[in-house]
Structures are given as structure tokens and as C-alpha cells.
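# Geometric and topological summary
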Amino acid sequence: MGEVRRPVHVPVHVDGEVVATKRIGAYRHLTLTAPGVPEHFRAGNFVALSVEGHVARRPLWVHRVRASSAFGPTLDVVVEPRGTGTAWLAAQPVGAKVSITGPLGRPFALPKEAVSCLLVGEGYAAAPLFPLAERLRERGCAVSLVVSAPDEARLLSALEARRSARSVTVLTADGSVGQRGTVADHVDDLVRRSEADVVYATGPTAVLRAAAGAAERAGAWSQVAVETPTPCGTGLCHGCPLPVVGEDGVDRVVRACTEGPVVRGDRVRWETL
């Protein structure tokens, strides 16, 4: 399967501003200005935001990029308030200044040909699948999208998903919306029904492993966006080890924030991760 990877842009560290904020379910959606970041964003990149009173920055997936607005180019991120750092970010009002570094990480590789693609994401981590779906559709790919969550409150943009893909499957573990069950419960059937040539996955490790396994069983390629703590986001601190198998078959540990977060699903040593 031929794939195209664009050159990775050198990230910039800039002072941005919150220009819109909205609570949707369990998440806070922030629209940010970040001069130089939206222009070079590729689906699968992330940004790191500095947090008041914390040394480590918070990595956030990019949900949407707008090339132009009343504020110039902007990007949208999704924040789930889980600790003091993300709670601080979620509480930032319109007009707040924020320090942003990005775009960071290796993005998703795009197929050279128009092929069938299955995109699988859980919770807030489904965010990068939306710009990815747009790029794939521009290439003529048939896009099937799966959005999953433990419950309705943590389901990301289920209505928007229907504008982004040929077909959409909604899964909730508690059955409150869509089909009851987890990605692991349904993914083999979803890969089969979509006739996927490539499977892209984002979310917790269990979701990534299930999607990569289903792709391998079906003879499809897979790419997974691995989410691990990334204290610096730039590869300097080596604080985000990702165990993989290299092209030479040798086990090694790479940095998730630079050699990842997007890697081939069949290259991750899941039992170690």
C-alpha cells in the first residue's frame, strides 16, 4: 500500500489566545490563535500548551483547523478536565493568553491511491480523525468513521461525524447512544463491512490494539496514534518511551512525541506498552 508522508515541519513556540470556548458534554472545546501553527498542521499532529504552575506542558489533539477567520488562522482543541492542569486549561476564558508549541509529532500517512479507509476513535482522542477524514475524502477515499465512548457525555462530535464520512458507527459501552459495546467488541465486523484497506485508530491502548489486530487479521494496513504522557513534546526529555519493532525486526524504544505519535499498528509491542 503506497503512502505519502509530508515533510515534518519544525515546530514553533508562540503566544496564542483563546478566541472561543464551549462546553460540549464532558469536554471543553477551545478555539485558539497560534501564529504559524495552523498553517503547517497535518492530521495526527498535536500541540502542547503551557499550564500555569506546572513544568510539564499538556499535549492536546487538534480537532479542527480554520485557514481563515475574523482572528486569522485558528485551531480547535478538545480538553477533558481530569487533573489540575487540564482543569486550568478548560477554565481559560475568551481573551486569555496561552503559550503553544506545535505542530508536534509525526502525522498520519495518506494513501497514494483512492482506497477504503476505516477511522476508529474513542472519547476526546477521536479529535484528529476529523481533519484526517477531510484529507482522505479530498483524495477520493471511501471513509467509514467509528466514534466510541464509555457514555454519551464522552462521545465526541457524533453529529459532525455524519458530515465527515460515508458511513458512521456510534458505540457506547453503556448503550446510551448508538450500539452497545466497545471497539474490541465490534471492530472485526466493522473492518469486514467497510472492506477497509487502511485502518486508522486513536484512543486508549485497548482501542488501538484491537483496531491494529483486526486490520492485521483482514490483511489491511493500520496506523495508530499512541497517547502517552509527553512532558516536553519535542523529544528532548525522552520521557515518552514507545516500544516498537523496527523495520529490521529488532525491538527498540522510540520517543512517542517525535517518532510518533502515529506509528504502524503492526510495529507496536503492545504487550510491553
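Per chain, the residues get numbers from 1 upward, laid out in the order the sequence is written. For a predicted model such as this one, the threshold for reporting local features is a pLDDT of at least 70, and the threshold for listing and counting side-chain atom pairs is 80 or more; totals across whole chains, interfaces and linings nevertheless cover every residue. Side-chain numbers come from the whole structure's heavy atoms, not from hydrogens or water.

## With respect to the pattern of salt bridges
- Every case where a carboxyl oxygen of Asp or Glu lies within 4 Å of a side-chain nitrogen of Lys or Arg is listed as a salt bridge. Tallied over the full model, the rule gives 17 salt bridges.
- Between Asp189 and Arg192 there is a salt bridge, with its nearest N and O atoms 2.2 Å apart. Note that Asp189 and Arg192 are positioned in helix α4 (residues 183-194) at a spacing of three residues, about one turn of the helix.
- When accessible area is computed with a 1.4 Å probe and restricted to protein chains, residues below 20% of their type maximum are described as buried, those above 50% as exposed, and intermediate ones as partly exposed. Residue classification places Arg192 among the exposed positions, given a relative accessible area of 55%.
- Ionic contacts of the salt-bridge type, sharing partners, join the residues Arg64, Arg66, Asp76 and Glu160 into one network. Only DSSP runs of H or I covering at least 4 residues are called helices, and only runs of E covering at least 2 are called strands; the numbering of each starts at the N terminus.

## Here we look at unusual backbone geometry
- Here Gly102 and Pro103 are connected by a cis peptide whose omega angle stands at -10 degrees.
- Locating Pro103 in the fold gives a position in strand β7 (residues 97-104).
- Along the chain, Gly260 connects to Pro261 via a cis peptide bond; the corresponding omega equals 5 degrees.
- Structurally, Pro261 is set in the loop between β16 (251-255) and β17 (262-264).
- The residue Glu195 is not glycine, and still its phi comes out positive at about 50 degrees.
- The residue Glu195 is located in the loop between α4 and β13 (198-202) in this model.
- By relative accessible area, which is 63% here, Glu195 ends up exposed.

## As for the sheet that holds strand β9 (residues 116-122)
- At least two DSSP bridges between two strands are required for those strands to pair. Pairing within the open sheet is mixed, and its seven strands lie in the order β12-β11-β10-β9-β13-β14-β17. The sheet terminates laterally at β12 (179-180) and β17, the two strands that pair on one side only.
- Looking at chain direction, β13 and strand β14 (residues 221-225) are connected through five bridges and run parallel. By the bridge assignment for β14, Thr202 is matched with Ala225.
- Across the sheet, helix α2 (residues 129-138) touches β9, β10 (142-149) and β13, and the angle it forms with β9 is around 170 degrees.
- Should any heavy atoms of two residues lie within 4.5 Å, those residues are counted as being in contact. Angles here are taken between N-to-C directions and fall from 0 to 180 degrees, while the axes themselves are lines fitted to C-alpha atoms, restricted in helices to the stretch in contact. Packed on one face of the sheet, α4 meets β9, β10, β11 (167-172), β12 and β13 and runs near 165 degrees to β9.

## Description of the state of the cysteines
- Whenever a pair of cysteine sulfur atoms sits within 2.5 Å, that pair is classed as a disulfide. Per the counting criterion, the structure on display carries zero disulfides.
- Between Cys141, a cysteine without a disulfide, and Cys117, which holds the nearest cysteine sulfur, the sulfur-to-sulfur distance is 4.2 Å.
- Owing to a relative accessible area of 7%, Cys141 belongs among the buried residues under this scheme.
- Cys257 carries a free sulfur, and the closest cysteine sulfur to it, the one in Cys240, is 3.7 Å from it.

## Things to note about the environment of Thr74
- Within the fold, Thr74 resides in strand β6 (residues 74-79).
- Its relative accessible area of 1% is what places Thr74 among the buried residues.
- Taking C-alpha positions, Thr74 is 14 Å from Val94, a pair spaced 20 residues apart along the chain.
- With near-sequence residues (within four places) excluded, Thr74 lies in contact with Val19, Thr31, Leu32, Thr33, Pro38, Arg64, Val65, Arg66 and Ser69.

## Re the nonpolar core
- In these notes, a set of buried Ala, Val, Leu, Ile, Met, Phe, Trp, Tyr and Cys residues joined through side-chain atoms within 4.5 Å is what counts as a nonpolar core. Judged by nonpolar contacts, the single largest core of 68 residues is most densely connected at Leu119, Leu132, Leu136, Tyr200 and Val224.
- Once you skip the residues sitting within four places of it in the chain, Leu136 turns out to touch Leu110, Pro111, Cys117, Leu119, Cys141, Val143 and Tyr200.
- Membership of the second largest hydrophobic core comes to 20 residues, among which are Leu32, Val77, Leu89 and Ala96.

## Quick look at α4
- Turning to α4, its buried residues are Val183, His186, Val187, Leu190, Val191 and Ser194. Taken around the axis of α4, the buried residues stretch over an arc of 145 degrees, which confines them to a single face. Of the residues in α4, the exposed ones pointing more than 90 degrees away from the buried face are Asp185 and Arg192.
- On its buried face, α4 sits against β9, β10, β11, β12, β13 and α5 (205-218).
- Of the residues trailing α4, Glu195 is marked for its positive phi of about 50 degrees. Note: the arc covers the axis-to-C-beta directions of the helix.

## Overview of the pairing of β6
- Most of β6 sits out of view: six of its six residues are buried.
- Here β6 shows no split at all, with Thr74, Asp76 and Val78 on one side and Leu75, Val77 and Val79 on the other all buried.
- Sheet topology places strand β3 (residues 27-33) next to β6; six bridges connect them, and they run antiparallel. Across the sheet, the residue bridging to Thr31 is Asp76, located in β6.
- Where strand β5 (residues 58-66) lies against β6, four bridges are found, and the strand directions are antiparallel.

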